[in-house]
Amino acid sequence: MPVTIVIGSQWGDEGKGKVVDLLAPEMDIVARYQGGANAGHTIAWDDKKFVLHLIPSGIFHEGTTCVIGNGVVIDPVALMKEINTIKELGFEVEGRLFISHNAHLIMPYHKAVEQARERYRDAGAIGTTGRGIGPAYVDKFARTGIRVVDLLDRDVLRRKLKDAIDEKNAILRGVYDAETLDVDQMIEEYVAFDQEIDPFVKNTTEYLNAALKDGQRVLAEGAQGSLLDVDFGTYPFVTSSHPTAGGCCTGLGVPPTAVDRVIGIVKAYSTRVGNGPFPTELDGDPEGIGQKLRDVGHEYGATTGRPRRCGWLDLVALRYTTAVNGFTDLAITKLDVLAGLDELKVCTRYRIDGKETDRFPNDLATLERAEPVYETFHGFGDVTGADSLDALPATARDYLRFASDFLDVPIAMVSTGPKRSETMMV
Ligand code: GDP
Ligand code: IMO
Ligand code: MG
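Now for a quick tour of the structure. (Residues numbered from 1 in each chain as written. Chains lettered and ligands numbered in written order. Predicted model: local features only at pLDDT ≥ 70, side-chain atom pairs only at ≥ 80, totals over all residues. Heavy atoms only, no water.)

Our next topic: the coordination of the magnesium ion (ligand 3). At 2.0 to 2.2 Å from the magnesium ion (ligand 3) lie its protein donor atoms, namely Asp 13 (OD) and Gly 40 (O). Taken together, the positions of Asp 13 in the loop between strand E1 (3-8) and helix H1 (16-23) and Gly 40 in the loop between strand E2 (29-32) and strand E3 (41-45) put the pair 27 residues apart, joining distant regions of the chain. Asp 13 gets classed as partly exposed once you look at its relative accessible area, which sits at 22%. (Donors = N, O, S within 2.8 Å, 3.2 Å for Na, K, Ca; no water. Helix = DSSP H or I, 4+ residues; strand = E, 2+ residues; numbered from the N terminus. Buried < 20%, exposed > 50% of the residue type's maximum accessible area, 1.4 Å probe, protein only.)

This part is about the pairing of strand E7 (residues 97-100). Here E7 shows two buried faces, one formed by Leu 97 and Ile 99 and the other by Phe 98 and Ser 100. Two elements, strand E5 (residues 65-68) and E7, share 3 bridges in a ladder whose sense is parallel. Residue pairing across strands places Val 67 opposite Phe 98, the latter belonging to E7. Two elements, E7 and strand E9 (residues 201-202), share 2 bridges in a ladder whose sense is parallel. Bridging across to E9, Ile 99 finds its partner in Val 201. (Pairing = 2+ DSSP bridges.)

This paragraph deals with the sheet that holds E2. One open sheet accounts for 10 strands, arranged E9-E7-E5-E2-E10-E1-E11-E15-E19-E20; its pairing is mixed. Two strands in the sheet have a free side with no partner beyond their single neighbour: E9 and strand E20 (423-425). Sheet topology note: the E2/strand E10 (residues 218-221) ladder contains 4 bridges and is parallel. Bridging across to E10, Ile 29 finds its partner in Val 218.

By the secondary structure assignment, Val 324 is in helix H12 (residues 315-325). Overall, the relative accessible area of 29% leaves Val 324 in the partly exposed class. Residues Val 324 and Ser 226, 98 residues apart in the sequence, show an inter-C-alpha distance of 8.5 Å. Every residue in contact with Val 324, bar those within four places of it in the chain, is listed here: Phe 232 and Thr 244. (Contact = heavy atoms within 4.5 Å.)

Once rolled over the atoms, a probe with the size of a water molecule shows which space is left empty. In this structure, the largest pocket spans a volume of roughly 730 Å³. Among the secondary structure elements, those contributing two or more residues to the lining of the largest pocket are helix H3 (108-121) and helix H4 (133-142). What lines the second largest pocket is a set of 26 residues, and nearest its centre among them are Thr 42, Gly 297, Arg 308, Lys 334 and Pro 418. Only H1, E3 and strand E4 (48-52) provide two or more residues apiece to the lining of the second largest pocket. (1 Å grid on protein atoms, 1.4 Å probe; cavity = no way out; pocket = protein on both sides within 12 Å on 5 of 7 lines; lining within 4 Å. Points joined across faces, edges and corners; volume = space filled by probe spheres on them.)

Around ligand 2 lies a shell of 20 residues, among which Lys 16, His 41, Thr 129, Gln 224 and Thr 239 are the nearest. One nitrogen or oxygen atom from the side chain of Lys 16 is found 2.7 Å from an oxygen atom belonging to ligand 2. At 2.9 Å from an oxygen atom of ligand 2 is found a side-chain nitrogen or oxygen belonging to Asn 38. Relative to its free-state accessible area of 550 Å², ligand 2 is covered by the protein chains to the extent of 97%. According to the grid-proximity analysis, the pocket containing ligand 2 is the largest pocket. Here the shell around ligand 2 is composed, by residue class, of 7 nonpolar, 10 polar and 3 charged. (Near = heavy atom within 4 Å. Polar contact = N/O pair within 3.5 Å; in protein donor to acceptor, adjacent residues only side chain to side chain. Areas by Shrake-Rupley, 256 points an atom, 1.4 Å probe, with all protein chains shown as cover. Sits in = over half its atoms within 2 Å of the grid points. Nonpolar A, V, L, I, M, F, W, Y, C, P; charged D, E, K, R; others polar.)

This is the structure:
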């Protein structure tokens, strides 16, 4: 019963979209299990480029079915917009995309509360994507959320929306002194989704388990990254879901015994969007390497356009996310972006209060004091499009081998450009 999970091993934007799109032709189903339209997964082929936010990265392969699982939070406006754009590109979506009847919905009040809360937090703001993710998961766990299935019954939806909006307006007004929302207008807008969304709604847990029993192959696509996991990430500077391996089981309703492969996507350096600790960050470094990585790697958020913070590869953090996820394979991405640098650094320990450690601290105050201790490697020249490890410069091979040995996980794939063709299977 083979389920393969693809997980970001760092702070997101590792290239999950590219890797999932590449593996999709070997799969029957590609399923998203957490997060929402905070994700921006880029897929590039020929001269085309597309950023997916909610729809799984298997949608551009006609033989693959896509599932949005119960663990995802769905903004119906964003979903319908994405479906229509993909249809306009000439891809069939109906009959190939199923969304869980149990997935929770993101409503405009979630975004309003998030905005107000971020403003209220001021210097302590998380720097979210503003897609309403946190407040939607809060409602889910407070057991006041509205689910996809509720969209299909206009009377139920009216009642639930009115209760929810009344409560959120009281919070917006009373706590945040922010603008409130119009109940009637929102109800009118959202009741109209019933017919639009109906063809896509399914009991996806039943569907996935039947498919697995039938011998079909499922790829579970993580969004965000392990260090943004609400339990295992750099809390509170995290997202509100579980990108790590366990999230796949609860976010789809597939058993852990069905999972036989966990691929960790590792960007060849580190990036982070939004606030929070980042020990290997190169911020205003005298040689301008942080800015160089941003320019060459086009490190700007695929969802918000914000510049991504850039830094060296952090093997301390990666050893930790390898343990949490149980990576069976690594897919290294964006190796080409490092080309042309004289030397490369890799963090193998942290120095905290004068003492060296190889453990990733799981409290914010300690992590904020962590200074990286580096091993230095020789740089390498152009690697774009290399089709085997042997085709890489020896110094690039050394860099990859060191990371793989350090993490004790084999490398299955190396990506040297955004396009499908710029990838080697190892
Ligand atoms: P995701 O969120 O993990 O799917 O990653 P994003 O799509 O947000 O960011 C990855 C970016 O890097 C996208 O613009 C990709 O097209 C691009 N990309 C992916 N792999 C490579 C690679 O190996 N080299 C280069 N130069 N770009 C890549
Ligand atoms: P993909 O799937 C990078 C970050 C935000 C913020 C924090 C919380 O493309 O890798 P949220 O809106 O989720 O409440 O924001 O998480 N973040 C991401 N960073 N890639 C993403 O997705 C992200 N999704 C959320 O910048 O720091
Ligand atoms: Mg992204």
